[in-house]
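Working through the structure, step by step
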Amino acid sequence: MLKLCKAIAKNDADNNARWKNLQLVPEAYEKLVALPLDFDEEVNAANRVDLIGHFADCISELDIPRFSLRMREYQLSIYDQAEGCETRRQDIEKDIERLKDYLNPLVSVNAFCRKYNRHLRFDNVERSPEWEKVIYEVEKEVDEELKGEPRGMGFCYSYWSAKKAALARHGIEWASPSATNPGVIFD
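Criteria and cut-off values
Residues numbered from 1 in each chain as written. Predicted model: local features only at pLDDT ≥ 70, side-chain atom pairs only at ≥ 80, totals over all residues. Heavy atoms only, no water. Axes fitted to C-alpha atoms, helices over the stretch in contact; angles between N-to-C directions. Helix = DSSP H or I, 4+ residues; strand = E, 2+ residues; numbered from the N terminus. Parallel < 35°, antiparallel > 145°, perpendicular 65-115°, else oblique. Left-handed = near helix turned anticlockwise from the far one by under 90°. Contact = heavy atoms within 4.5 Å. Nonpolar A, V, L, I, M, F, W, Y, C, P; charged D, E, K, R; others polar. Expected span 1.5 Å × (residues − 1). Buried < 20%, exposed > 50% of the residue type's maximum accessible area, 1.4 Å probe, protein only. Arc of directions from axis to C-beta. Phe/Tyr/Trp six-rings, centres within 6.5 Å; stacked < 30°, edge-to-face > 60°. Lys NZ or Arg CZ within 6 Å of the ring centre and 35° of its normal. Salt bridge = Lys/Arg side-chain N within 4 Å of Asp/Glu carboxyl O. Bend = angle between axes of the 7 residues up to and from the residue.

In the contact formed by helix α1 (residues 2-13) and helix α2 (residues 21-34), the axes pass within 10 Å of each other and the chain directions differ by 150 degrees. In terms of their interaxial angle, α1 and α2 are classed as roughly antiparallel. Both α1 and α2 take part in a crossing whose hand is left-handed. Here L4, A7, I8, N11 and D12 of α1 lie close against α2, whose contacting residues are N21, L24, V25, E27, A28 and K31. Residues belonging to the contact of α1 with α2 are distributed by class as follows: 6 nonpolar, 2 polar and 3 charged.

What follows concerns α1. Taking 1.5 Å of rise per residue, 12 residues should cover 16 Å, and α1 covers 17 Å from first to last C-alpha, within 8% of that figure. What α1 keeps buried is the set L4, C5, I8 and N11. Along the axis of α1, the buried positions cluster into a sector of 125 degrees, meaning they face one direction only. In α1, the exposed positions angled more than 90 degrees off the buried face are occupied by L2, K3, K6, K10 and A13.

Right, let's get into the packing of aromatic side chains. Applying the stated criterion across every chain, the model contains 11 aromatic pairs. Plain terms: the ring middles of Y102 and F122 are 5.2 Å apart, the flat faces sit at 40 degrees to each other, and that makes the pair tilted. Placement of the pair is Y102 in helix α5 (residues 89-103) and F122 in the loop between α6 (109-115) and α7 (129-145), with a sequence separation of 20 residues. The same class applies to Y102 and to F122, which are both buried. In textbook terms, an aromatic cluster arises when at least three aromatic residues are bridged by ring pairs, as seen for Y102, F112, Y116 and F122. Directly above the aromatic system of Y102 lies the positively charged group of R127, at a separation of 5.5 Å from the ring centroid. Positioned above the aromatic ring of W174, the side-chain terminus of K163 is 5.3 Å from the ring centre.

What follows concerns the pattern of salt bridges. Inspection of the entire model under this criterion finds 17 salt bridges. Across the pair R70 and E30 runs a salt bridge, and its minimum N-O distance is 2.8 Å. Of this pair, R70 sits in helix α4 (residues 65-77) while E30 sits in helix α2, and the two are 40 residues apart along the sequence. Judged by relative accessible area, which is 37%, E30 ranks as partly exposed. For K115, the salt bridge identified is with D101, shortest N-O distance 2.7 Å. Of the two residues, K115 sits in helix α6 while D101 sits in helix α5, which places them 14 residues apart along the sequence. Using a relative accessible area of 13% as the deciding quantity, one classes D101 as buried. Sharing partners across several salt bridges, the network here consists of E61, R72, D95 and R98.

Direction vectors running N to C along α4 and α5 enclose 150 degrees, while the axes themselves pass 9 Å from each other. The angle between α4 and α5 places the two elements in the roughly antiparallel class. For α4 against α5, the interelement crossing comes out left-handed. Touching P65, R66, S68, L69, R72, E73, Q75 and L76 of α4 are R89, I92, E93, D95, I96, L99, K100, Y102 and L103, all from α5.

Let us look at α7. Compared with the 24 Å implied by 1.5 Å per residue over 17 residues, the 25 Å span of α7 between its first and last C-alpha is a close match. The principal kink in α7, of about 50 degrees, is found at I135. Along α7, the positions that sit buried rather than exposed are W131, E132, V134, I135, Y136, V138, E139, V142 and D143. Of the surrounding elements, those touching the buried residues of α7 are α2, α4 and α8 (155-169).

Distances and angles like these do not, on their own, reveal function.
Pasting the structure below:
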């Protein structure tokens, strides 16, 4: 578990490797919840609540929203036993509401963006279970394809192009942020 947490922290510190946490965080989470709540004083409810919050900070929760929702709901379910944790209950509840709204097909992309003060719209396919099933593999393919390419001005276009192609190989048609936000200038 400690080895996983160190790898997650290392990936989080390197923006170019953060996608790797899409696989590591669920693995670490499953190991954590498999331990009894009274396993030892280091793995108590308060530390779990805070650790899950840290896990959530190390991924883009909207890339794997169903998993993220399950993780946040577990976090809330043990909150009342988590004396002394640093995480606030209201923050967990807000995260759960945001994830539920994101996954709710009755909440439009525009309504979600307005409610959560997001300035950039996204492709609705990003909310799909199909997306969540393949996003780690897609990011892995894109990382391999763009290895060695400078990550400066204009890189986002190379990244989005490679991501669109990788998603297409997985049977998903995707519109990039530049396509879903006409008139917005990206670097």
